[in-house]
Amino acid sequence: QVQLVESGGGLVQAGGSLRLSCAASGRTFSRYAMGWFRQAPGKERTFLAAISRTGEFTHYADSVKGRFTISRDNAKNTVYLQMNSLKAEDTAVYYCAAGLRYGIPTSDSSDYDDWGQGTRVTVSS
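Since the model is a prediction, treat every value here as computed from it, not as a measurement. (Residues numbered from 1 in each chain as written. Predicted model: local features only at pLDDT ≥ 70, side-chain atom pairs only at ≥ 80, totals over all residues. Heavy atoms only, no water.)

### A look at unusual backbone geometry
The general pattern is negative phi for most residues beyond glycine and trans for most peptide bonds. Of note in this structure, Asn 77 is not a glycine but carries a positive phi near 55 degrees. Examined against the element boundaries, Asn 77 turns out to sit in the loop between strand 7 (68-73) and strand 8 (78-83). Here Ser 85, not a glycine, exhibits a phi torsion of approximately 50 degrees, which is positive. Within the secondary structure, Ser 85 sits in the loop between strand 8 and strand 9 (92-99). When its relative accessible area of 42% is taken as the criterion, Ser 85 is described as partly exposed. (Helix = DSSP H or I, 4+ residues; strand = E, 2+ residues; numbered from the N terminus. Buried < 20%, exposed > 50% of the residue type's maximum accessible area, 1.4 Å probe, protein only.)

Structure (structure tokens):
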């Protein structure tokens, strides 16, 4: 099991940028594939981006491809989500997740075992 803590959320104007961080506890971070999801008010949690154990492979939802970039630093036990050209519809609570089973980036939330508590992003138009 790994404990995850997200940070970096906040209020930003449309067109702006934010970088979210997700810090993981423990010494096995490099064994986990990592993902970012979000949940907007009144909507289901949706997949955004994922990255493999080593960072070699990434996978993105079409809605954020070209605007969001996922990366990781295994030496710092941290995964990042760089978000550019933010839109009002990006307003949501953002969650990171860790998956041990496959180690490759997947969009299926059931492939992830551990979740952070979320960080809120609000984009004003």
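### Digging into the state of the cysteines
Across all of its chains, the model carries 1 disulfide by this definition. Here Cys 22 connects covalently by a disulfide to Cys 96, the sulfurs 1.9 Å from one another. Across the S-S bond linking Cys 22 and Cys 96, the dihedral sits near 50 degrees, which makes this disulfide right-handed. Here Cys 96 lies in strand 9 and Cys 22 lies in strand 3 (residues 18-24), a separation of 74 residues in the sequence. Looking at Cys 22, the relative accessible area reads 0%, which means it is buried. (Disulfide = S-S within 2.5 Å.)

### Structural notes on the sheet that holds strand 1 (residues 4-7)
Judged by pairing direction, the sheet is antiparallel, and its 4 strands sit side by side in the order 1-3-8-7 without closing on themselves. Where the open sheet ends on each side, the last strands, each with one partner, are strand 1 and strand 7. Sheet twist, expressed as the mean angle between neighbouring strand axes with direction ignored, is 15 degrees. Here strand 3 pairs with strand 8 via 6 bridges, running antiparallel. Pairing of Arg 19 across the sheet is with Gln 82, part of strand 8. (Pairing = 2+ DSSP bridges. Axes fitted to C-alpha atoms, helices over the stretch in contact; angles between N-to-C directions.)

### Here we look at the pairing of strand 5 (residues 45-51)
Of all 7 residues making up strand 5, 5 are buried, and the element is well covered by its neighbours. Of the strand pairs in this sheet, strand 4 (residues 33-39) and strand 5 are connected by 6 bridges, and their pairing is antiparallel. Paired with Trp 36 across the two strands is Ala 49, which belongs to strand 5. Two successive antiparallel strands, strand 4 and strand 5, enclose a turn made up of 5 residues, where Gly 42 displays a positive phi of approximately 75 degrees. Direction of pairing for strand 5 relative to strand 6 (residues 58-60): antiparallel, over a ladder of 3 bridges. If you follow Ile 51 over to strand 6, its bridge partner there is Thr 58. Connecting strand 5 to the antiparallel partner strand 6 that follows it, the hairpin turn spans 6 residues, and Gly 55 within it adopts a positive phi of roughly 90 degrees.

### Quick notes on the packing of aromatic side chains
A full pass over the atoms with the stated rule returns 4 aromatic pairs. With centroids separated by 5.6 Å and ring planes inclined at 70 degrees, the aromatic side chains of Phe 37 and Phe 47 adopt a geometry described as edge-to-face. With Phe 37 in strand 4 and Phe 47 in strand 5, the pair connects residues that are 10 residues apart, well separated along the chain. Grouping residues by exposure puts Phe 37 and Phe 47 together as buried. Residues Tyr 112 and Trp 115 carry aromatic rings whose centres are separated by 6.3 Å and whose planes lie at 65 degrees to one another, so their mutual orientation is edge-to-face. By relative accessible area, Tyr 112 is classed as buried at 5%. Each member of the aromatic cluster is reached from another via a ring pair, and the members are Phe 37, Phe 47, Tyr 112 and Trp 115. (Phe/Tyr/Trp six-rings, centres within 6.5 Å; stacked < 30°, edge-to-face > 60°.)

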